Amino acid sequence: MPVLTLADIEAAAGRLAGQVLETPCVESRTLGQIVGARVFLKFENLQFTASFKERGALNKLLDLAAQGVKGVIAASAGNHAQGVAHHAQRLGLRAVIVMPLHTPTVKVERTLGFGAEVVLHGESFDEAREQALELAEAQSLVFVHPFDDPLVIAGQGTIALEMLRQQPELDTLVVAIGGGGMISGIATAARALAPSMRIVGVQTTRFPSMVNAVQGTSHALGTSTIAEGIAVGQAGQITREIVARLVDELVLVDEGDIEQAVLMLLEIEKTVVEGAGAAGLAALIKEPERYRGRRIGLVLSGGNIDPMLLSALIGRGMVRAGRLARIRVGARDTPGVLARLTGVVAEAGANIDEVHHQRAFSTLSAQNVEVELVLQTRNPAHVAAVVAALRGAGFAAEAY
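As the structure is a computational prediction, the values presented were derived from the model and not from experiment. (Residues numbered from 1 in each chain as written. Predicted model: local features only at pLDDT ≥ 70, side-chain atom pairs only at ≥ 80, totals over all residues. Heavy atoms only, no water.)

Participant: Account for the side chain of Ser184, naming residues and giving values.
Facilitator: Tracing the sequence through the fold places Ser184 in helix H8 (residues 181-193). A polar contact is formed between the side chain of Ser184 and the backbone oxygen of Gly180, at a distance of 2.7 Å. Setting aside residues up to four positions removed in sequence, Ser184 forms contacts with Leu4, Ile153, Thr239, Ile242 and Val243. (Helix = DSSP H or I, 4+ residues; strand = E, 2+ residues; numbered from the N terminus. Polar contact = N/O pair within 3.5 Å; in protein donor to acceptor, adjacent residues only side chain to side chain. Contact = heavy atoms within 4.5 Å.)

Put into structure tokens, the structure is as follows:
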């Protein structure tokens, strides 16, 4: 008998009713036009903790509280931590959370804000988990696994119940995978309710643990990713079996794909997602031909992105889109040259962000000056037009 059934997920939905948000699942016409499919977004980043993780955490904690447990411990890169901390506080349970040393500050602070005790330990989730297991034994706490637990998986599976009720025409689900809890729950529910559903799992190329476990490959593990929410070095035992049995395809996406997806959701849908939450869309934009003509459900699994990282992604995205450009200009070092140069830029319709005026560090002759401009531009064609205008005015100019 399977470790998890549709009945388990429906029971979880009954327990969670009124305690977590039934998030909207709505169509994005613009993303659909870009991909060549109909794309429906499940906004789990609208949960109180800004992540789907509180579904599974609450389902597990309700069971433990009913057994009389007084304290729990978890290991998490952030979202499971917040889910456990928030609902433990609501249920009157002590919560200790072990988080990797480099967990984004926003996630640490929010976890503390929910009344949990935070222990920072290890370079990865796996090292944090080992520390949590040691503390659990030493302090008589119950370990709440972030993904390899039937009650946790059942809680995550309630996402699929909502999606198929809200958008019954879906024929494909594209779901991010870290340890596999979310896709295991979703696949169990979806396969029972819609047997022909195509289910695609997405991992980052830097943490392909489920791909390796299920497909027998030996892709190397990286050390960091902007999708830290799915940076899991070892797939779960329970989830591995479910994924192998129920998931149709596993695909890998690169860091650049995830960056682009985060920015597309921000610019097009006006919604903030973390790297892991954008992994499904990253798979679509990487290989749109795989999904053309289908009716696709994507889970925006979390929105807890570090503001500094988001700022960096926006800047990098603007550069790739030609909306932020860096131009090096060489000119004779004479009075008024900088005014003339900036006048040409203004006439070309660009806005100056930064100006760096170099004499000592220039490789030009002593009579010349090198000016580096950072400009706000419209697109790559506009950047080329600005460079052409500068050259037409007698300056040596190049974008770089």
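Structure's up, so let's keep going.
Participant: Provide a residue-level description of the pattern of salt bridges, including the pertinent values.
Facilitator: Enumeration according to the criterion identifies 22 salt bridges in this entry. Among the salt bridges present, the one from Glu241 reaches Arg245, with a minimum N-O distance of 2.6 Å. Placement of both Glu241 and Arg245 in helix H10 (residues 237-246) is noted, with a separation of four residues, approximately one turn of the helix. Classification of Arg245 as partly exposed rests on a relative accessible area of 40%. When salt bridges with common partners are traced through the structure, they connect Lys42, Glu44, Arg55 and Glu162 into a single cluster. (Salt bridge = Lys/Arg side-chain N within 4 Å of Asp/Glu carboxyl O. Buried < 20%, exposed > 50% of the residue type's maximum accessible area, 1.4 Å probe, protein only.)

Participant: Report on the packing of aromatic side chains, specifying residues and quantitative values.
Facilitator: Within this structure, the stated rule accounts for one aromatic pair. Each ring, one from Phe48 and one from Phe114, has its centre 5.8 Å from the other, and the planes form 50 degrees; the classification is tilted. Taken together, the positions of Phe48 in the loop between strand S2 (38-42) and helix H3 (53-66) and Phe114 in the loop between helix H5 (105-113) and strand S5 (117-120) put the pair 66 residues apart, joining distant regions of the chain. We classify Phe48 as exposed; its relative accessible area is 53%. (Phe/Tyr/Trp six-rings, centres within 6.5 Å; stacked < 30°, edge-to-face > 60°.)

Participant: Tell me what's going on with the nonpolar core, and back it up with residues and numbers.
Facilitator: Of all hydrophobic cores here, the largest spans 37 residues; its most connected members are Val174, Leu281 and Leu284. Here Leu281 is in contact with Leu31, Ala261, Met264, Leu265 and Leu298, once residues within four sequence places are set aside. One finds Ile153, Ala190, Leu246 and Val299 within the second-largest nonpolar core, a separate group that totals 36 residues. (Core = buried A, V, L, I, M, F, W, Y, C linked by side-chain atoms within 4.5 Å.)

Participant: Break down helix H6 (residues 125-139) for me, citing the residues and quoting the values.
Facilitator: A rise of 1.5 Å per residue sets the reference length of H6, with its 15 residues, at 21 Å; its end C-alpha atoms lie 20 Å apart and thus fit the reference within 8%. Of all the positions in H6, only Phe125, Asp126, Ala128, Arg129, Gln131, Ala132, Leu135 and Ala136 are classed as buried. Considering only its buried residues, H6 is in contact with strand S3 (71-75), strand S4 (94-99), S5 and strand S6 (142-143). (Expected span 1.5 Å × (residues − 1).)

Participant: Account for the sheet that holds strand S14 (residues 396-399), with residues named and values stated.
Facilitator: Spatial strand order, S12-S13-S11-S14: four strands in an open sheet with antiparallel pairing. Strand pairing shows two members of the sheet lacking a second neighbour, strand S12 (351-358) and S14, which therefore form its edges. Between one strand axis and the next, the sheet turns by 20 degrees as a mean value, whatever way the strands run. Relative to strand S13 (residues 368-376), S12 is paired through seven bridges, and the arrangement is antiparallel. In the strand pairing of S13, Ile352 is matched with Leu375. Strand contacts of helix H14 (residues 337-347): strand S11 (324-332), S12 and S13, with the helix running at about 30 degrees to S13, the strand carrying the most contacts. The sheet strands contacting helix H15 (residues 380-392) are S11, S13 and S14, and the helix crosses S14 at an angle near 170 degrees. (Pairing = 2+ DSSP bridges. Axes fitted to C-alpha atoms, helices over the stretch in contact; angles between N-to-C directions.)

Participant: Tell me about the environment of Ser218, and name the residues and values.
Facilitator: Of note, Ser218 is situated in the loop between helix H9 (209-215) and H10. A C-alpha to C-alpha distance of 8.8 Å links Ser218 and Pro208, two positions 10 residues apart in sequence.

Participant: I'd like a description of the packing of helix H1 (residues 6-16) against H3, backed by residues and values.
Facilitator: Close contact between H1 and H3 brings their axes to 10 Å; oriented N to C, the two are set at 85 degrees. Taken together, H1 and H3 sit at an angle that is classed as roughly perpendicular. Taken together, the residues of H3 that come into contact with H1 (itself represented by Ala12, Arg15 and Leu16) are Arg55, Leu58, Asn59 and Leu62. Residue composition of the contact of H1 with H3, by class: four nonpolar, one polar and two charged. (Parallel < 35°, antiparallel > 145°, perpendicular 65-115°, else oblique. Nonpolar A, V, L, I, M, F, W, Y, C, P; charged D, E, K, R; others polar.)

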